[in-house]
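Listed below are the residues making up each chain.
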Amino acid sequence: MRSIRGYVQLSFAMATVGSTVVAGKWMADIGPFTANALRLGIALPAFMLALRWSGQTIPRLCRHDRWLLVAQAAAGSVGFTAFLLLGLRLTSAATAGVITGTLPVVALLLSVLLLGERPGWRAWLAVVLAAGGVLYMTAGAQGGSSLGGNLLVGAA
């Protein structure tokens, strides 16, 4: 039963993340930083309610961990949203969805380059297939897609 719960939670998380592109396409016209402020302004009260409901408190962090948290927030929340929304002004939501779907590929490559991981042949096959799929889907992109938009979404 526990593994089923995990699959349900992962499916919900992926559906939520996948909806970012659709919501981003709607919000691309208001500007990436305004949209990001709006998103975080909605998320903070929801986070505080979740903390209160679970009975948890915000932990005290040392100076090093605070700076690390700020860096992660800048790259993950602000950087991701800004690049995604800027890219969505130039490319289609379908193409952006395919590109953002390559996050596991990026994670594997970064783990090899930065952490010295040694993945097996199946992981490398998955990387090649995912990268090939993205290249195929975006190479002759039509319907409002552009290389600049695709690169911005890829940077996200």
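Since this is a predicted model, take the numbers as computed values, not measurements.

Draft legend 1. Summary view of the overall build of the protein chain. Secondary structure assignment for the protein chain yields 7 helices and 0 strands. Along its sequence from the N terminus, the protein chain presents helices and strands in the succession α-α-α-α-α-α-α. Looking at the protein chain residue by residue over its 156 residues, the buried ones come to 21%. The long-range fraction of contacts in the protein chain, counting pairs at least 24 apart against all pairs at least 6 apart in sequence, stands at 79%.

Draft legend 2. The arrangement of helix 5 (residues 103–115) in detail. Between the first and last C-alpha of helix 5 there are 17 Å, a value that for 13 residues agrees with the 18 Å anticipated at 1.5 Å per step. Residues Val105, Leu108, Ser111 and Val112 constitute the buried set of helix 5. Each buried residue of helix 5 sits inside an arc of 130° when the element is viewed along its axis, so together they form one side. Exposed residues on helix 5 whose side chains face more than 90 degrees from its buried face are Leu103, Leu113, Leu114 and Leu115. Positive backbone phi, at 75°, marks Gly116, one or two positions downstream of helix 5.

Draft legend 3. Local environment of the environment of Gly24. Take Gly24: it is sitting in helix 1 (residues 2–27). Taking the C-alpha atoms as reference, Gly24 lies 8.5 Å from Ala93; in sequence the two are 69 residues apart.

Draft legend 4. Layout of a nonpolar patch on the surface. On the surface, Leu103, Val106, Leu110, Leu113, Leu114 and Leu115 cluster together to form a nonpolar patch covering roughly 670 Å² of accessible area. Note on placement: Leu113 falls in helix 5. The class for Leu113 is exposed, based on a relative accessible area of 69%.

Draft legend 5. Structural detail: the nonpolar core. Formed by Ala35, Leu84, Leu85, Leu88, Ala96, Ile99, Val134 and Val153, the largest nonpolar core amounts to 8 residues. When residues of this core are traced back to their parent elements, those giving at least two are helix 3 (63–88) and helix 4 (93–100). Of all the elements, helix 3 adds the most residues to this core, at 3 residues.

Draft legend 6. A look at the packing of helix 4 against helix 7 (residues 147–155). Running from N to C, helix 4 and helix 7 cross one another at 40°; their axes reach a closest spacing of 9 Å. In this structure, helix 4 crosses over helix 7, and the sense of that crossing is right-handed. Residue-level inspection shows Thr95, Ala96, Ile99 and Thr100 of helix 4 in contact with helix 7, the latter providing Asn150, Val153 and Gly154. Partitioned by chemical class, the residues of the contact of helix 4 with helix 7 number 3 nonpolar, 4 polar and no charged.

Draft legend 7. Spotlight on the environment of Leu85. Here Leu85 is to be found in helix 3. Residue classification places Leu85 among the buried residues on the basis of a relative accessible area of 3%. C-alpha separation for the pair Leu85 and Pro32, spaced 53 residues apart in sequence, amounts to 5.4 Å.

Draft legend 8. Examining the packing of helix 3 against helix 7 more closely. Where helix 3 contacts helix 7, the axes come no closer than 7 Å and their chain directions differ by 165°. With respect to helix 7, the axis of helix 3 lies roughly antiparallel. Judged by the twist between their axes, the crossing of helix 3 over helix 7 is left-handed. On the side of helix 3, the interface is formed by Phe83, Leu84, Leu86, Gly87 and Leu88, while helix 7 contributes Gly149, Leu152, Val153 and Ala155. In the contact of helix 3 with helix 7, the residues fall into 7 nonpolar, 2 polar and no charged.

Draft legend 9. Local environment of the side chain of Ser111. With respect to the secondary-structure elements, Ser111 resides in helix 5. Classification of Ser111 as buried rests on a relative accessible area of 14%. The contacts of Ser111, once residues within four sequence positions are left out, are Gly116 and Glu117.

How each quantity is defined
- Residues numbered from 1 in each chain as written.
- Predicted model: local features only at pLDDT ≥ 70, side-chain atom pairs only at ≥ 80, totals over all residues.
- Heavy atoms only, no water.
- Helix = DSSP H or I, 4+ residues; strand = E, 2+ residues; numbered from the N terminus.
- Buried < 20%, exposed > 50% of the residue type's maximum accessible area, 1.4 Å probe, protein only.
- Contact = heavy atoms within 4.5 Å.
- Expected span 1.5 Å × (residues − 1).
- Arc of directions from axis to C-beta.
- Patch = residues over 30% accessible without salt bridge, like charges linked within 9 Å, V, L, I, M, F, W, Y side chains within 5 Å.
- Areas by Shrake-Rupley, 256 points an atom, 1.4 Å probe, with all protein chains shown as cover.
- Salt bridge = Lys/Arg side-chain N within 4 Å of Asp/Glu carboxyl O.
- Core = buried A, V, L, I, M, F, W, Y, C linked by side-chain atoms within 4.5 Å.
- Axes fitted to C-alpha atoms, helices over the stretch in contact; angles between N-to-C directions.
- Left-handed = near helix turned anticlockwise from the far one by under 90°.
- Nonpolar A, V, L, I, M, F, W, Y, C, P; charged D, E, K, R; others polar.
- Parallel < 35°, antiparallel > 145°, perpendicular 65-115°, else oblique.

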